[in-house]
Amino acid sequence: MAKLSMRERYSLLTRDLDWTPTYVDPKEVYPYTRYEGIKIHDWDAWEDPFRLTVDSYCKYQAEKDKKLYAVIESFAQGQGHLSLTDARYLNSLKLFIQGVTPLEYAAHRHFGFLARHLDGPGPRFAALCQSMDELRHTQTEVHTLGQYNKYYDGLHNWPQMFDRVWYLSVPRSFIDDAMTAGPFEFLTSVSFAFEYLLTNLLFVPFMSGASFNGDLATMTFGFSAQSDESRHMTLGLGSLKFMLEQDEDNVPIIQGWLDKWFWRAYRVLGLVASMMDYMLPQPVMSWKEGFELYFEDQMLGGLFPDLEFYGIRPPLHVEAAIAEKDVVSHQIYWLLYQYCFGTAFTATVPDTAHLDWLSEQYPDTFDRHYRPLWDKARGIQQDGGRFFNLALPQLCQVCQIPVAFTEPGDPTRLSHRSSVHEGERYNLCSDGCQWIFEREPEKYRQAWLPVHQIYQGNCGGAALPDVIAWSGVRPGDGGEYLGSPDHVNWERWHAAGTAASGL
């Protein structure tokens, strides 16, 4: 018997496990893989990224869960939440469970859908494994972060918040956009654009931040999930190459999807940028450092030169993203600071040491354009006030972030675009979002924009307290950190610990 290649050996895990329908047209059995224009000639050419049987997969994941839950239990019994650097750190966890955990569950649902509706047995099994992975991530994130709900505000109602809170419409609109696309576009959006191109910008700094800020439980969850994320990245690149290798006609379709979904995913990660630079009392790396390492060096410098073989170029508007790396985190956190009376996490002026660190990380922009804002906000607080912006902002029709970015390369000029479709004007934040809108205006004109819905009276009432209550946010969840329940309790618990130790 001839020796089998590695690819052939792994393909045997799913080869010949399928069947050909005889009394029903295959197009009726698998109706969703034909209307996007992608041509697949050989489903058996799919390379399995998981390379596991169901039995070994479940045993492998169960072993990881045993280790994770042992750490969580030990951390909880030892009052590990008191070993964090500061209660301000919890704001990063709140943003994660509110904005990322629902994405994991939505991905679980849609990969389950693909596990039924992809034609070949190989991709169906890969989708099934990823669906189980995403459900496991949802559960372990809830169990890891849920322990903090006993002591801190803002972690109690994340599913309702995801559907209703204004800043969470940013990740929600991303996943709604992906799930209402076809199956091949969904694979490009989630498996490649998010999981492969940008997931390291989410998971690596977040879990490193947990480690640096005394959060052993979240750090352990990150390590437990990282092997899954590696497989997800392999699925993302593998599915892209599979489509590209099947037919040359697929290339322009996929290029258009890459142009779109890079920008959509990049805009979602603006929330991660603000977390990295502002929400960690002990910062690990700046957004700029992470973007240069994990995207510019690894993806633009390493991946896309290889994809040139298939006729694929880097995404449109990537230069605009590079130009924003010095400013985007400051612009988004300044928004969150102004509007935190309507968020489920608190915000405050960074202390002097933190501002100095930001000056070091962003020597070309921070002291000139953003430190004066924080100095002014601190002055207002020292005079007994607090700067809140009570005017509802104009939202971008595509990414749904307030239109508050600046022109690439010019932090002094507001970036604003508009497009007219069937006599109605739509507002966009950037060239990238305008390009996306004008490709599919019929889709994005239907966007559920929180500010518009508030003005129309569809969010619990006309007054801000009514809207906030309708969103699932309770008193104490958001607003200024100093004097908040989290801050008061943190100081009281640590004062009691200091007194008990005799210090």
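In this report, the structure presented in the accompanying data block is examined.

Calculation criteria
- Residues numbered from 1 in each chain as written.
- Predicted model: local features only at pLDDT ≥ 70, side-chain atom pairs only at ≥ 80, totals over all residues.
- Heavy atoms only, no water.
- Helix = DSSP H or I, 4+ residues; strand = E, 2+ residues; numbered from the N terminus.
- Rg over C-alpha atoms; globule rule 2.2 N^0.38 Å.
- Buried < 20%, exposed > 50% of the residue type's maximum accessible area, 1.4 Å probe, protein only.
- Contact = heavy atoms within 4.5 Å.
- Axes fitted to C-alpha atoms, helices over the stretch in contact; angles between N-to-C directions.
- Parallel < 35°, antiparallel > 145°, perpendicular 65-115°, else oblique.
- Left-handed = near helix turned anticlockwise from the far one by under 90°.
- Pairing = 2+ DSSP bridges.
- Disulfide = S-S within 2.5 Å.
- Expected span 1.5 Å × (residues − 1).
- Phe/Tyr/Trp six-rings, centres within 6.5 Å; stacked < 30°, edge-to-face > 60°.
- Lys NZ or Arg CZ within 6 Å of the ring centre and 35° of its normal.

1. Considerations on the overall build of the chain
- A count of helices and strands for the chain gives 23 helices and 6 strands.
- The globule rule puts the C-alpha radius of gyration for 503 residues at 23 Å, and the 24 Å found for the chain is close to it.
- The principal-axis extent of the C-alpha atoms belonging to the chain is close to 80 × 60 × 45 Å.
- Per-residue burial for the chain yields a buried fraction of 57% across its 503 residues.
- In the chain, 79% of the contacts between residues at least 6 apart in sequence involve partners at least 24 apart.

2. What to know about unusual backbone geometry
- Phi angles above zero are rare outside glycine, and Gln 79 is one such case at about 55 degrees.
- Phi angles above zero are rare outside glycine, and Gln 400 is one such case at about 70 degrees.
- With respect to the secondary-structure elements, Gln 400 resides in the loop between helix 18 (366-382) and strand 2 (406-407).
- On the basis of relative accessible area, Gln 400 is assigned to the buried category, the value being 5%.

3. Some thoughts on the packing of helix 6 (residues 121-146) against helix 11 (residues 216-246)
- Close contact between helix 6 and helix 11 brings their axes to 11 Å; oriented N to C, the two are set at 165 degrees. Here helix 6 lies roughly antiparallel to helix 11, going by the angle between them. As for the relative orientation of helix 6 and helix 11, their crossing is left-handed in sense. Across the interface between the two elements, Ala 126, Gln 130, Asp 133, Glu 134, Arg 136, His 137, Thr 140, Glu 141, Thr 144 and Leu 145 from helix 6 touch Ala 217, Thr 218, Phe 221, Ser 224, Ala 225, Asp 228, Glu 229, Arg 231, His 232 and Leu 235 from helix 11.

4. Structural notes on the pairing of strand 3 (residues 410-414)
- Relative to strand 3, strand 2 runs antiparallel, the two sharing 2 bridges. Bridging across to strand 3, Thr 406 finds its partner in Leu 414.
- Counting the residues in the hairpin turn of strand 2 and strand 3 gives 2 residues, including Gly 409, whose phi is positive at 85 degrees.

5. Some points on the environment of Phe 174
- With respect to the helices, strands and loops of the structure, Phe 174 is situated in helix 8 (residues 169-179).
- On the accessibility criterion, Phe 174 (2% relative accessible area) is buried.
- Here the alpha-carbon distance between Phe 174 and Gly 472, two residues 298 residues apart in the chain, equals 21 Å.
- The residues touching Phe 174, leaving out its near neighbours within four places in the chain, are Ser 189, Phe 194, Trp 261, Arg 264, Ala 265 and Val 268.

6. Section: the state of the cysteines
- What the rule picks out here adds up to 0 disulfides.
- Free of any disulfide, Cys 396 has its nearest cysteine sulfur in Cys 433, 3.7 Å distant.
- No disulfide involves Cys 429; its nearest neighbouring cysteine sulfur is the one of Cys 399, lying 3.7 Å away.
- A relative accessible area of 1% means that Cys 429 is categorised as buried.

7. Focus: helix 14 (residues 287-307)
- In a regular helix each residue adds 1.5 Å, so 21 residues correspond to 30 Å; helix 14 covers only 26 Å between its end C-alpha atoms and thus falls short of that length.
- Where helix 14 is concerned, the buried positions are Trp 287, Lys 288, Gly 290, Phe 291, Tyr 294, Phe 295, Glu 296, Met 299, Leu 303, Phe 304 and Leu 307.

8. Regarding the packing of aromatic side chains
- Counted by the stated rule, this structure contains 37 aromatic pairs.
- The interplanar angle of 70 degrees and the centroid separation of 5.2 Å between the aromatic rings of Phe 111 and Phe 186 together place this pair among those described as edge-to-face. With Phe 111 in helix 5 (residues 101-117) and Phe 186 in helix 9 (residues 183-194), this residue pair connects regions lying 75 residues apart in the sequence. In this pair, the class of Phe 111 matches that of Phe 186, namely buried.
- Ring geometry for Phe 174 against Trp 261: centres 5.4 Å apart, planes inclined by 85 degrees, an arrangement best described as edge-to-face. In this pair, Phe 174 sits in helix 8 while Trp 261 sits in helix 12 (residues 250-268), placing the two residues 87 residues apart along the sequence. The same class applies to Phe 174 and to Trp 261, which are both buried.
- Its guanidinium or amino end placed over the ring of Phe 405, Arg 267 lies 3.8 Å from that ring's centre, counting from NZ or CZ.
- One Lys or Arg, Arg 386, reaches over the ring of Tyr 337 and ends 3.7 Å from the middle of that ring.

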